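This is what each chain is made of:
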Amino acid sequence: MDMRDGPERMFLSAATVAEAVAARRAGAAVLAGGTWTMRDPRRGVSLPESVVALSRIAELQRVEVLDGEIRIGASVTHAALAGALSGLAGFEGLAAAATGAANPAIRRVATVGGNLCAIDFAAADLVPALLALDAGIELALADGPRLLPISDFLRERSELLKTALLTRVIIRRDVAASAHVRLPLRKAGDYPVAIVSIAQSTDGAIRVAVGSVEPVARRWSALEAELAGKALTPEEAQALAEKTNDFIGRDGIEAEGWYRREVLPALVRRAFAALQKGGAA
Ligand SMILES: Cc1cc2nc3c(=O)[nH]c(=O)nc-3n(C[C@H](O)[C@H](O)[C@H](O)COP(=O)(O)OP(=O)(O)OC[C@H]3O[C@@H](n4cnc5c(N)ncnc54)[C@H](O)[C@@H]3O)c2cc1C
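In every chain, residue numbers begin from 1 and rise along the written sequence. Selection of residues for local features in this predicted model requires a pLDDT of at least 70, selection of side-chain atom pairs for listing and counting requires 80 or more, and totals for whole chains, interfaces and linings are taken over all residues. Hydrogens are left out, water is left out, and the side-chain values use all remaining heavy atoms of the structure.

Asker: Before we go on, may I ask you to explain the site of the ligand in this structure?
Answerer: Here a residue counts as near a molecule or strand whenever at least one of its heavy atoms sits within 4 Å of it. Around the ligand lies a shell of 34 residues, among which Val30, Gly33, Thr35, Thr111 and Asp125 are the nearest. Take Ala32: an N or O atom from its main chain is 2.9 Å from an oxygen atom of the ligand. Every accessible area reported is derived by Shrake-Rupley at a probe size of 1.4 Å, with residue values counting cover from the shown protein chains alone. In isolation the ligand exposes 990 Å². Once the protein is present, 92% of that is buried. Labels follow the DSSP assignment, with helices taken as runs of H or I lasting at least four residues and strands as runs of E lasting at least two, numbered in each case from the N terminus. The set of elements that each furnish at least two residues to the shell around the ligand consists of strand E3 (29–31), helix H5 (112–117) and strand E9 (165–172). Two N or O atoms count as a polar contact when they lie within 3.5 Å, although within protein this holds only if one can serve as hydrogen donor and the other as acceptor, and sequence-adjacent residues are included solely when both atoms are side-chain atoms.

See below:
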């Protein structure tokens, strides 16, 4: 373990997951790409006193494409993820989320783990894309590893992330096509004000997830129930989205809640059109 400390802050560069977990237990915050953390002071949040960096842990930087599943290490950057998923049938939506977020400089350092663990960040792109893929989230805790569905992780993450390290994201390869549609606004610093991610599994079932509208991304269960077993045009899907729109939009300086909610049916139409063309957006 490489450790440097100044009069006030402590920086540890862990060589293994076990070292990082021990540092977390001792109260260190994780430093991944730092693109979210570096803006803490602007948000009125104090920078952590003690951090553990993950950049020396090679196993967290791997994307493994296996026959039955894809395993993505927490330290994989958006750019590396986009590269690894390029041309992989079914994963167009996640690839589009990794390619469309932020800007090239940020994408080269911002990680998958950082996107999932930035608790107060409603506009995270990878989160709805991974919800639509029904991903599993692997954590390392002091008492061992734990794998949980992404919906459970999102519900419990404030508590879990007091001590846990997110190590990997695991996605089953039973997806036929997926799409990720975002509405960025220049005045929002190009952050998406609303996101719709959809994925169709090989058995035809469609999962829909929405990001940036409410404080935490979630599945659109009422729409999924209406879509079940139907072959629809994008316009028909939009009409069902209007009927089942149960989102309560969050107000923010970049967009008001009613607007975020109202744009969702049009984003569903665009996502369906992309899905029917073979994915992406
Ligand atoms: C100019 C700009 C534009 C942006 N645009 C977008 C955008 O369009 N879409 C988007 O989704 N995001 C955007 N972001 C936000 C941000 O870059 C991403 O959310 C990014 O993925 C954060 O990753 P990171 O590796 O930099 O995380 P960090 O800043 O290192 O960490 C973020 C948080 O997660 C915790 N953490 C990180 N890794 C782990 C882990 N493995 N286990 C436990 N906790 C962990 C950290 O302790 C911290 O609390 C933008 C950021 C900037 C600066």
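Asker: Please clarify how the nonpolar core should be interpreted in this entry.
Answerer: As a rule of thumb, soluble globular proteins bury nonpolar side chains together. Side-chain atoms within 4.5 Å link the members of a nonpolar core, which is a set of buried Ala, Val, Leu, Ile, Met, Phe, Trp, Tyr and Cys residues. Relative accessibility under 20% of the residue-type maximum defines a buried residue, over 50% an exposed one, and the middle range a partly exposed one, all with a 1.4 Å probe and only protein chains included. One finds Leu94, Leu116, Phe153 and Val169 to be the most contacted residues of the largest nonpolar core, which totals 44 residues. Elements with a contribution of two residues or more to this core: strand E6 (69–73), helix H2 (78–85), helix H3 (92–100), H5, helix H6 (126–132), strand E7 (136–141), helix H7 (150–160) and E9. In this description, contact between two residues means that some pair of their heavy atoms is separated by no more than 4.5 Å. Setting aside its immediate chain neighbours within four residues, Phe153 contacts Leu116, Cys117, Ile137, Leu139, Leu148, Leu160, Leu161 and Leu166. Core analysis: the second largest hydrophobic core is formed by 29 residues, Ile206, Val208, Val213 and Phe272 among them.

Asker: Explain the pairing of strand E4 (residues 50–53) to me, please; I cannot follow it from the model alone.
Answerer: A regular strand places its side chains so that they alternate between the two faces of the sheet. Burial of the side chains of E4 extends over both faces: Ser50 and Val52 are buried on one face and Val51 and Ala53 on the other. Note that strand E2 (residues 10–13) and E4 share four bridges and pair parallel. Each residue of the ladder has a partner; that of Phe11, found in E4, is Val51. Where E3 lies against E4, three bridges are found, and the strand directions are parallel. For Leu31, the partnering residue across the bridge sits in E4 and is Ala53. For two strands to pair, DSSP has to find at least two bridges joining them.

Asker: Help me out: how do you make sense of the sheet that holds strand E5 (residues 63–65) in this one?
Answerer: Strands sit in the order E5-E6-E9-E7-E8 across an open sheet of five strands; the sheet is antiparallel. Sheet topology places E5 and strand E8 (144–149) at the edges, where each strand pairs with a single neighbour. On average, each strand axis in the sheet is inclined to that of its neighbour by 20 degrees, with strand direction left out of account. Note on geometry: axes are C-alpha line fits, over the in-contact stretch for helices, and angles between N-to-C directions span 0 to 180 degrees.

Asker: I keep staring at the pattern of salt bridges and nothing clicks. Help me out?
Answerer: As a working rule, side chains carrying opposite charge can pair if their charged atoms are close by. Salt bridges are identified by distance alone: a Lys or Arg side-chain nitrogen within 4 Å of an Asp or Glu carboxyl oxygen. In this structure the tally under the stated criterion is 18 salt bridges. With a closest N to O distance of 3.5 Å, Arg172 and Asp134 form a salt bridge. You can see Arg172 sitting in strand E9 and its partner Asp134 sitting in the loop between H6 and E7, a full 38 residues away along the chain. Its relative accessible area of 27% is what places Asp134 among the partly exposed residues. Taken together, the salt bridges that share partners define one network made up of Glu64, Glu138 and Arg168.

Asker: Help me understand the side chain of Thr244, please; the structure alone is not making it clear to me.
Answerer: Its place among the elements puts Thr244 in the loop between helix H9 (234–243) and helix H10 (257–262). Among the residues examined, Thr244 registers a relative accessible area of 10% and is labelled buried. When near neighbours in sequence (up to four residues on either side) are disregarded, Thr244 contacts Trp220, Ala222, Leu223 and Glu226.

Asker: When you look at the side chain of Ser197 in this model, what are you seeing that I'm missing?
Answerer: Considering the arrangement of structural elements, one finds Ser197 in strand E11 (residues 192–201). Ser197 gets classed as buried once you look at its relative accessible area, which sits at 1%. Excluding residues within four positions of it along the chain, Ser197 makes contact with Pro128, Ala129, Ala132, Ala179, His180, Arg207, Val208 and Ala209.

Asker: Explain the environment of Phe121 to me, please; I cannot follow it from the model alone.
Answerer: As for its position among the elements, Phe121 is in the loop between H5 and H6. When its relative accessible area of 15% is taken as the criterion, Phe121 is described as buried. For the pair Phe121 and Val216, spaced 95 residues apart in the sequence, the C-alpha separation amounts to 7.9 Å. When sequence neighbours within four positions are dropped, the list of residues in contact with Phe121 reads Trp36, Asn115 and Tyr191.

Asker: What exactly am I supposed to notice about unusual backbone geometry here?
Answerer: Negative phi characterises most residues that are not glycine, and trans characterises most peptide bonds. One non-glycine residue, Ala102, lies in the positive phi region at around 55 degrees. Along the chain, Ala102 falls in the loop between H3 and helix H4 (104–107). The backbone of Asp134 shows a phi angle near 55 degrees, a positive value even though the residue is not glycine.

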